[in-house]
Amino acid sequence: MASPLKILFVASECAPFAKAGGLGDVVGALPKALKALGHDVRVLIPRYDTIKADTIHHQAPMAIPMMGTELWCGVEETRLPRSDVPVYLLDHRELFGRGYIYDPPNGHSPDNLVRFCTLSRGAFWLGRHLQWVPDVFHCHDWPTAAIPLYANTLERDTPFGGAATVLTIHNMAHQGIFSKRQLPLTHLPWSLYTSDGIETHDAVGLLKGGLFHASMITAVSPKYAREIRTREGGFGLEHVVNFRGGDLVGVLNGIDDQLWDPRTDRHIAHHYDVDSISEKVHNKRALQRELHLDVRDDVPLVAVVSRLNDQKGTDVIAEAIGPLLNLGIQLVVLGSGDPHTEATLAAWSHHGGGRMRAWIGFDEPLSHRITAGADLFLMPSRFEPCGLTQLYSQRYGTLPIVRATGGLDDTVEQYDGQGGGTGFKFWDLSVRSLVESVRWAAGVWRKRPEHIRSMQERSMRKRMGWDVSARQYEDVYRWSIERRRGR
Ligand code: ADP
Ligand code: GLC
């Protein structure tokens, strides 16, 4: 094996400690797969006050230059569960002890530039604190996109100046845009405030700057890596992505196949695997009872587990509920987000009798029970960088119905009419085409159970763990180090 690398993941989320979506799942799982390949991988996240960690070891505090002074931060250390990957929690009560990751419910946090630049700069000070110089800083989305900026300016002539930076794009729609008046608080120099740096429409754009300055860039699926080069997928940064096109790689997300395993899942009542798929129906009945749906084996149960927002196309689901229920299916939705969608779903849930239930909120155990209990899993995303829930559902033999965008297109194989494929794909995002796609899938489910069975077997046998992608990241890290040295 080539020499092991020292890799520091720096992120705003890391499951199970802090999670708002799939970013948390990735940061909570990929480091374990890299560790298994022999690398010295560690993780740094903020110490939000919502974090519950069993064994926290307190280190001496450290000072981070920020806001024209030195911010004294605590450093706590724990581990990723079932691993020996160290997770460092950067503790600063005023910045992170607020009961939320990004913004308060229905509100806006005005100092996110300082909060996440403190995290980003803190990565270097953690290195000093531990006397550990990473070969690679692995940054994720706008919250840690300032790391390449610090690396190329304030840290350039320090021992960290030689470290490579890899910036992974999980979602181009969020770019970390802030008033330029706040820039001095971060200590980032004004020399970065140019159109080929952080300046964007007379404001500071962290993601834009990170894209220009990172040694390498990855996107979370090959198709998404292509989509962000286009006007539709680039959200105004497509020219930057194209400029860096030679340093951009799409690496598909994997899943934590210990947490998401129908043979051992601690949240579901009836375990099963590819050789006992018939046992899955017990989870369906349990879910129907739990959610007060009619307990019926002969009705296809279609599920949605999602943030409720534009990206996910859940507004179209809300609009389509009437015609969907007319197909004679059952519909379960777990999610929260857009208030209008929440209200529509809640109203249908109230009046939908035994056919429709919406659970508004974030409920991890319930998401597992739904994934195991449903027959079909609906995901009509407008765009989807990768998507993890369609991977979880395939692992559980719950066949996805997806809009063929981004990672959904990369990870779902279209039903071929003969029993091949792992799900159902459609292209046009409209009520009509959503309903037609569900009609199609439900029809196959009713009339061709042998096809459904062979698709379930195929999807449950798919290799979805992180081992394959971890090797691809390994290559990306080595290329990024070469590029850094060549610069
Ligand atoms: P995104 O990160 O865009 O939200 P992903 O599919 O990558 O989409 O990841 C979403 C993650 O969040 C999955 O682990 C999914 O199970 C979880 N999730 C989303 N909504 C809920 C919810 N309401 N309750 C529990 N888990 C949820
Ligand atoms: C983002 C994307 C999602 C992806 C996740 C993890 O939240 O919306 O598609 O799976 O990040 O990479």
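Residues numbered from 1 in each chain as written. Chains lettered and ligands numbered in written order. Predicted model: local features only at pLDDT ≥ 70, side-chain atom pairs only at ≥ 80, totals over all residues. Heavy atoms only, no water.

## Overview of the sheet that holds strand 14 (residues 330-337)
Strand order in this open sheet of six strands is 15-14-13-16-17-18, and the pairing throughout is parallel. Looking at strand neighbours, the two that pair on one side only are strand 15 (356-360) and strand 18 (424-426), the edges of this open sheet. Adjacent strand axes in the sheet meet at a mean angle of 15 degrees, parallel and antiparallel pairs treated alike. As defined by bridge partners, strand 14 adjoins strand 15 across five bridges and the pair is classed as parallel. Within the sheet, the bridge partner assigned to Val-332 lies in strand 15 and is Arg-357. Along the sheet, helix 11 (residues 314-325) contacts strand 13 (301-308), strand 14, strand 15 and strand 16 (376-379); its crossing angle with strand 13, the most-contacted strand, is approximately 160 degrees. (Pairing = 2+ DSSP bridges. Helix = DSSP H or I, 4+ residues; strand = E, 2+ residues; numbered from the N terminus. Axes fitted to C-alpha atoms, helices over the stretch in contact; angles between N-to-C directions. Contact = heavy atoms within 4.5 Å.)

## Points about the nonpolar core
Counting 109 residues, the largest nonpolar core has Phe-137, Leu-206 and Leu-211 as its most contacted members. If one sorts the elements of this core by residue count, helix 3 (residues 112-130) sits on top with eight residues. When residues of this core are sorted by domain, at least three fall in each of domain 1 (6-254 + 466-484) and domain 2 (274-460). In this view, Phe-137 contacts Leu-8, Val-10, Ala-123, Phe-124, Ile-147, Phe-160, Ala-163, Ala-164, Thr-165 and Val-166; residues no more than four positions away in its chain are not counted. (Core = buried A, V, L, I, M, F, W, Y, C linked by side-chain atoms within 4.5 Å. Buried < 20%, exposed > 50% of the residue type's maximum accessible area, 1.4 Å probe, protein only. Domains from an automatic or database assignment.)

## Quick look at unusual backbone geometry
Note that the residue after Ala-15, namely Pro-16, is joined by a cis bond; omega there is 5 degrees. Considering the arrangement of structural elements, one finds Pro-16 in the loop between strand 1 (6-10) and helix 1 (22-36). For Arg-82, which is not glycine, the phi dihedral falls at a positive 55 degrees. Even without glycine at this site, Asn-106 takes up a positive phi of about 55 degrees. The topology assignment puts Asn-106 in the loop between helix 2 (93-96) and helix 3. Take Asn-106: its relative accessible area is 83%, and that puts it in the exposed class.

## So, the site of ligand 1
Neighbouring residues of ligand 1: 21 residues in total, closest Gly-22, Asp-25, Arg-307, Lys-312 and Gly-361. One of the side-chain nitrogen or oxygen atoms of Lys-19 is found 2.8 Å away from an oxygen atom of ligand 1. Asp-25 places a side-chain nitrogen or oxygen 2.5 Å from an oxygen atom of ligand 1. Protein coverage of the free-state accessible area of ligand 1, which is 560 Å², stands at 93%. Of all the secondary-structure elements, those providing two or more residues to the shell around ligand 1 are helix 1, strand 13, strand 14, helix 13 (364-373) and helix 14 (389-395). In terms of residues, the shell around ligand 1 owes the most to one element, strand 13, which gives three residues. Residue classes in the shell around ligand 1 are distributed as five nonpolar, nine polar and seven charged. (Near = heavy atom within 4 Å. Polar contact = N/O pair within 3.5 Å; in protein donor to acceptor, adjacent residues only side chain to side chain. Areas by Shrake-Rupley, 256 points an atom, 1.4 Å probe, with all protein chains shown as cover. Nonpolar A, V, L, I, M, F, W, Y, C, P; charged D, E, K, R; others polar.)

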